[in-house]
Amino acid sequence: MDAFVARARRAERSISPQVRAVARISHAELIGFDQRLKSPDSLKRKVATWMHESPGQSVDTSLGMINDAVRYTLQWPAGKYSQGVHTAAGLLSAWGNDSTRWANTWNRTTGYKAINSAWRAPRSGQLFEVQFHTPQSKAAQLQTHKLYEEQRLPGTPPARVRELQQQQNAIFAAVPVPAGAERLTAPAHRVADPSRHRPAPDPARRLPAPAHVPVG
């Protein structure tokens, strides 16, 4: 666990300048930047929960599933959300980060609403999470956090789990869905051009390179 945390901290030093540049270029608000590193205690709880749910699973396997040891939240007003997400995701991809997960829940009729994405940094190979929110969806996430944490506890009775989910559903039902948000998808992976034995041209490469932005 200590080595896993140390690797995440080292990798964050090169990931954060890119994310801060993405926020500036896409006109996003970078929320909770001081919490960009998941605490060791939180990581231990997540690993323990997964190992409880999957008996026999090793610690190393559980750690390999964690994609939010380094995490960020970008936020736009609802009217600028879809364009902001499109720009931000395009920049992350153009700068070499590989999209490994894209969970768009804006089209759900119940539960959490936002986009949670995971990326693999090109230099370190570190997985990191970027959540794309509106002020309303972020507020709902904060409001339901304790409910979600209780719901996830291994000892929570099934009846209480259902009750907690109903409470969360009611809160997220009040979150407006930004125009076009439900159609947002992850950037397409680059494909090789076999006739030229090098990557095919990608229009995203015309996007500006990330400036070095001091972290801290």
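That block above? That's the structure.
S.K.: Any chance you could explain the nonpolar core here in plain terms?
M.R.: The nonpolar side chains of a soluble globular protein tend to be buried with one another. Residues Leu 74, Tyr 81, Phe 128 and Phe 132 are the most contacted members of the largest nonpolar core, which totals 46 residues. When contributions to this core are tallied by element, the ones reaching two or more residues are helix H1 (2-25), helix H2 (40-53), strand S2 (71-75), helix H4 (78-94), strand S4 (115-120), strand S5 (127-133), helix H5 (135-152) and helix H6 (158-173). No other element matches the nine residues that H1 contributes to this core. In contact with Phe 132, not counting residues within four places along its chain, are Leu 74, Trp 76, Tyr 81, Val 85, Ala 88, Trp 102, Ala 114, Ile 115 and Ser 117.

S.K.: Looking at this model, I keep getting lost on H1. Mind explaining?
M.R.: Spacing of three or four residues puts side chains on the same side of an α-helix, whose turn is 3.6 residues. Relative to the 34 Å expected for 24 residues at 1.5 Å per residue, H1 spans 35 Å between its end C-alpha atoms, a close match to the ideal helical length. The largest bend in H1 comes to about 40°, at Arg 13, with the proline Pro 17 one to four residues further on. Immediately beyond the C-terminal end of H1, within one or two residues, lies His 27, with a positive phi of roughly 60°.

S.K.: Would you mind showing me how to read the pattern of salt bridges here?
M.R.: Between side chains of opposite charge, a pair can form as their charged atoms come close. Taken as a whole and assessed by the stated rule, the structure comprises five salt bridges. Here Arg 36 and Glu 12 are joined by a salt bridge, their closest N and O atoms 2.6 Å apart. On the criterion of sequence distance, the pair formed by Arg 36 in the loop between strand S1 (29-31) and H2 and Glu 12 in helix H1 is long-range, its members being 24 residues apart. Judged by its relative accessible area of 14%, Arg 36 falls in the buried class. Residues Glu 182 and Arg 183 are paired through a salt bridge, measuring 3.4 Å at the closest nitrogen-oxygen approach.

S.K.: How do you make sense of the packing of H5 against H6 when you look at a structure like this?
M.R.: A packed helix pair is summarised by two numbers, namely the angle formed by the two axes and the spacing between the axes. Relative to each other, H5 and H6 sit at 180°, their axes nearing to 10 Å. If you check the angle between H5 and H6, you find them roughly antiparallel. Residue-level contacts link Ser 137, Ala 140, Gln 141, Gln 143, Thr 144, Leu 147, Tyr 148, Glu 150 and Gln 151 of H5 to Arg 160, Val 161, Leu 164, Gln 165, Gln 167, Gln 168, Ile 171 and Phe 172 of H6. Taken together, the residues of the contact of H5 with H6 sort by class into seven nonpolar, eight polar and two charged.

Reading guide: rules and limits
- Residues numbered from 1 in each chain as written.
- Predicted model: local features only at pLDDT ≥ 70, side-chain atom pairs only at ≥ 80, totals over all residues.
- Heavy atoms only, no water.
- Core = buried A, V, L, I, M, F, W, Y, C linked by side-chain atoms within 4.5 Å.
- Buried < 20%, exposed > 50% of the residue type's maximum accessible area, 1.4 Å probe, protein only.
- Helix = DSSP H or I, 4+ residues; strand = E, 2+ residues; numbered from the N terminus.
- Contact = heavy atoms within 4.5 Å.
- Expected span 1.5 Å × (residues − 1).
- Bend = angle between axes of the 7 residues up to and from the residue.
- Salt bridge = Lys/Arg side-chain N within 4 Å of Asp/Glu carboxyl O.
- Axes fitted to C-alpha atoms, helices over the stretch in contact; angles between N-to-C directions.
- Parallel < 35°, antiparallel > 145°, perpendicular 65-115°, else oblique.
- Nonpolar A, V, L, I, M, F, W, Y, C, P; charged D, E, K, R; others polar.

Fair warning: the whole summary comes from geometry, so function is off the table for now.
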